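# Residue-level structure breakdown
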Protein chains: 2
Amino acid sequence: MARYKIVIEYDGTPFHGWQRQDGYDSVQQHVEESMVPFLKHAVAVHCAGRTDAGVHALGQVVHFDTDRDIDCFRLQECMNFYLNSVPICVLSIEKVPETFHARLSPIERSYVYKILNRRGKATIDANRVWVVSAKLDENKMHSAAQCLVGKHDFSSFRAVGCQQKSPIKTINRISIERYNDLIEITVAAKSFLYHQVRNIVGSLKLVGSGKWTENDFCTIFEAKDRTLAGPTAPACGLYFVGAVY
Amino acid sequence: MARYKIVIEYDGTPFHGWQRQDGYDSVQQHVEESMVPFLKHAVAVHCAGRTDAGVHALGQVVHFDTDRDIDCFRLQECMNFYLNSVPICVLSIEKVPETFHARLSPIERSYVYKILNRRGKATIDANRVWVVSAKLDENKMHSAAQCLVGKHDFSSFRAVGCQQKSPIKTINRISIERYNDLIEITVAAKSFLYHQVRNIVGSLKLVGSGKWTENDFCTIFEAKDRTLAGPTAPACGLYFVGAVY
């Protein structure tokens, strides 16, 4: 048996998320089905970051096992051929040690969240950004976000449906940068709670618009109470950037 | 009578170009029709850069005249309301002197052309880039392109259907930069021939892939013969960036 690592990019807009669900169109199903014509056997892949409906991936990482001796380049070409009708693209495939696990091995994962900060909807970036019309102060957002760095209880930013046992997570870095009307929030951690990034962004938006002070943000974070924090930012602005192994 | 300047962003994918054409969906028609509910009279707008079908605009500039005393902010909100179902967004509206003319007054226009240089189609950037799978050397492309700077006869990059009297144009700047898999070709000039940017890009791609040397490119440019130059790059990678007045 040999293990292979695949890096995948996708536009999450038309899918009901990464994970296979009966009766719904998932990225996982398309990826797995695109491998069968080449592998000649059914396959189940494991991924680094399960994305929700509408969330995009720039570098989703998956692994799979096979007994067949495969040519990575030919498998990639085959998958991209069968994925041609959906917005999913295989960027690379490589053989990895059998100890490699896409979900369990990452030492760091990163996400970027994109806010288009202007009046008027997105056109070229439709479904790829959250449009916020209130003028946001990205410096205040960046400054407030720094209290999240390190090992903390993230209950204030944990979705109700989160299945993880502990709300304790360690954020390695978070930065907020503006490029004209575009604000990018980049977050890196070994792992994340369900909706953690979108919940953080929903609250940082309140700092940016002046509804909350930076101190309010940190106080609400420390309260470990989801009901005190801001709403969940929409899925369409979120991108799984990649995983470091 | 007063004259107003409007800056507009659009995704060109669903339109048969900027210009009104009977029986076809044009950006101009949507823009003009979105103004009528507010202005209460028919209006004809003039634009800085007529874009072809599939070409995008980050900062298209138009002007129009009206006898009505209008509130620019309210007109912008009204237009964006009526434009809600199409990927067009009004970014700003301001009153300008009657000597201002969107098409005749620019001292400089600029375009950017985006190439996604990788194997495998675009997903998140579908319809927003030209995907070129052959590895391109952006430094050679940049170097070759510098022979275009200045006042020259651009017959080698002029479309057959170009209605301008003279093939002489002055390119102020052209630069080719790479950001990972993305190559951006930025060109600035007072005005352009029909398909000039797309024809230049189609030939620069041949330099980048190694089919032509930098010297080949400049020799073909100097030959003033469209038949010697490369094919026209696809519309979807081109963006009208803006005009300087």
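Everything in this summary refers to the structure shown in the same document. (Residues numbered from 1 in each chain as written. Chains lettered and ligands numbered in written order. Predicted model: local features only at pLDDT ≥ 70, side-chain atom pairs only at ≥ 80, totals over all residues. Heavy atoms only, no water.)

## A few points about the overall build of chain A
The number of helices and strands found in chain A is five helices and ten strands. For a compact globule of 245 residues, the expected C-alpha radius of gyration is about 18 Å, and chain A comes in at 19 Å, within 12% of that figure. Counting across all 245 residues of chain A, residues that qualify as buried make up 54%. Look at the contacts in chain A between residues 6 or more apart in sequence, and 71% of them connect residues 24 or more apart. (Helix = DSSP H or I, 4+ residues; strand = E, 2+ residues; numbered from the N terminus. Rg over C-alpha atoms; globule rule 2.2 N^0.38 Å. Buried < 20%, exposed > 50% of the residue type's maximum accessible area, 1.4 Å probe, protein only. Contact = heavy atoms within 4.5 Å.)

## Here we look at the state of the cysteines
This model, assessed by the stated rule, comprises zero disulfides over all chains. Considering cysteine sulfurs only, Cys 89 of chain B is the nearest to Cys 236 of chain A, which forms no disulfide, with 15 Å between them. (Disulfide = S-S within 2.5 Å.)

## Considerations on the relation of the copies chain A and chain B
Its rotation angle being 180°, the transformation that places chain A on chain B also includes 0.0 Å of axial translation and leaves an RMSD of 0.0 Å. Here the copies are linked by what is in effect a two-fold axis. Distance from the rotation axis, computed per C-alpha, reaches its smallest value in chain A at Asp 125 of chain A: 4.5 Å. Comparing interface residues between copies, 100% of those in chain A also sit at the interface in chain B, which points to an isologous, same-surface contact. (Least-squares fit on C-alpha atoms with pLDDT ≥ 70 in both.)

## Quick notes on the packing of aromatic side chains
This structure, assessed with the given rule, holds 20 aromatic pairs over all chains. With a centroid separation of 5.7 Å and 25° between ring planes, the pair formed by Phe 157 of chain B and Phe 217 of chain B is classed as stacked. With Phe 157 of chain B in the loop between β7 (150-153) and β8 (168-179) and Phe 217 of chain B in helix α5 (residues 214-222), this residue pair connects regions lying 60 residues apart in the sequence. Here Phe 157 of chain B matches Phe 217 of chain B in class, with each residue buried. Grouping aromatic residues by their ring pairs yields a cluster made of Phe 154, Phe 157, Phe 217 and Phe 221 of chain A. The aromatic ring of Tyr 239 of chain A is capped on one face by Lys 114 of chain A, whose charged end is 4.7 Å from the ring centroid. (Phe/Tyr/Trp six-rings, centres within 6.5 Å; stacked < 30°, edge-to-face > 60°. Lys NZ or Arg CZ within 6 Å of the ring centre and 35° of its normal.)

## Side note on the interface of chain A and chain B
If you look at the interface, chain A gives 24 residues, while chain B gives 24 residues. Applying the counting rule to chain A against chain B returns four salt bridges. (Salt bridge = Lys/Arg side-chain N within 4 Å of Asp/Glu carboxyl O.)

## Side note on the side chain of His 56 of chain A
Of note, His 56 of chain A is situated in strand β3 (residues 56-66). Classification of His 56 of chain A as buried rests on a relative accessible area of 0%. Polar side-chain contacts of His 56 of chain A include one of 3.3 Å to the side chain of Asp 11 of chain A. Setting aside residues no more than four positions away along its own chain, His 56 of chain A makes contact with Tyr 10, Asp 11, Gly 12, Thr 13, Thr 51, Asn 127, Arg 128, Cys 236, Leu 238, Tyr 239 and Phe 240 of chain A together with Ile 124 of chain B. (Polar contact = N/O pair within 3.5 Å; in protein donor to acceptor, adjacent residues only side chain to side chain.)

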